[in-house]
Amino acid sequence: MGPRTAVAHSKEVKSAGGRLRSCSDGSRYSRRDNSSSSPMLSNPKSVLKRPVSTEELQRPGGPYIRKTFTIVGDAVGWGFVVRGNRPCHIQAVEPCGPAAAAGMKVCQFVVSVNGLNVLNLDYRTVSHLILTGPRTVVMEVMEETEH
């Protein structure tokens, strides 16, 4: 996956050859080809198998379990990408990043950030909350249980 993605401390774009670097909202910049120096923005497809509503996530006895992670950002960021809209989900997790070390996984739904319920917010607002908050982020997520 390359350098840390999405929620990073800076919006600096670094591209070396075919390597990708993400901006703060998780969008990826890449070079069109080696002869062009202007970056091109591309968004990856959703990792979700189907749409999930906030009501479904909050339904008692539903197929989701709640987990809480404390993620300490490093010099590059927190190592995950938030995507989606009401609710947001984890689109990508860098394997060796702080989020992976805390136990975060792709396809988890973001319930709260530092105690603030974010179920009805879009990914840009959630990313902004993380970027403008403290270096240590406490995130509550919902994860589908194994059937």
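One can find the structure itself at the top, above this paragraph.
Residues numbered from 1 in each chain as written. Predicted model: local features only at pLDDT ≥ 70, side-chain atom pairs only at ≥ 80, totals over all residues. Heavy atoms only, no water.

Caption draft 1: Focus on the environment of Phe-109. Residue placement: Phe-109 occurs in strand β7 (residues 109–113). Taking the C-alpha atoms as reference, Phe-109 lies 6.5 Å from Glu-143; in sequence the two are 34 residues apart. (Helix = DSSP H or I, 4+ residues; strand = E, 2+ residues; numbered from the N terminus.)

Caption draft 2: Looking closely at unusual backbone geometry. Residue Pro-87 is bonded to the preceding Arg-86 through a cis peptide linkage, with omega at 10°. Locating Pro-87 in the fold gives a position in the loop between β5 (80–84) and β6 (88–93). We note that Arg-86 has phi near 50°; this positive angle belongs to a residue other than glycine. Relative to the elements of secondary structure, Arg-86 occurs in the loop between β5 and β6. What makes Arg-86 partly exposed here is its relative accessible area of 46%. Of note, the phi angle at Asn-114 is positive, near 50°, even though the residue is not glycine. Structurally, the position occupied by Asn-114 is in the loop between β7 and β8 (116–117). (Buried < 20%, exposed > 50% of the residue type's maximum accessible area, 1.4 Å probe, protein only.)

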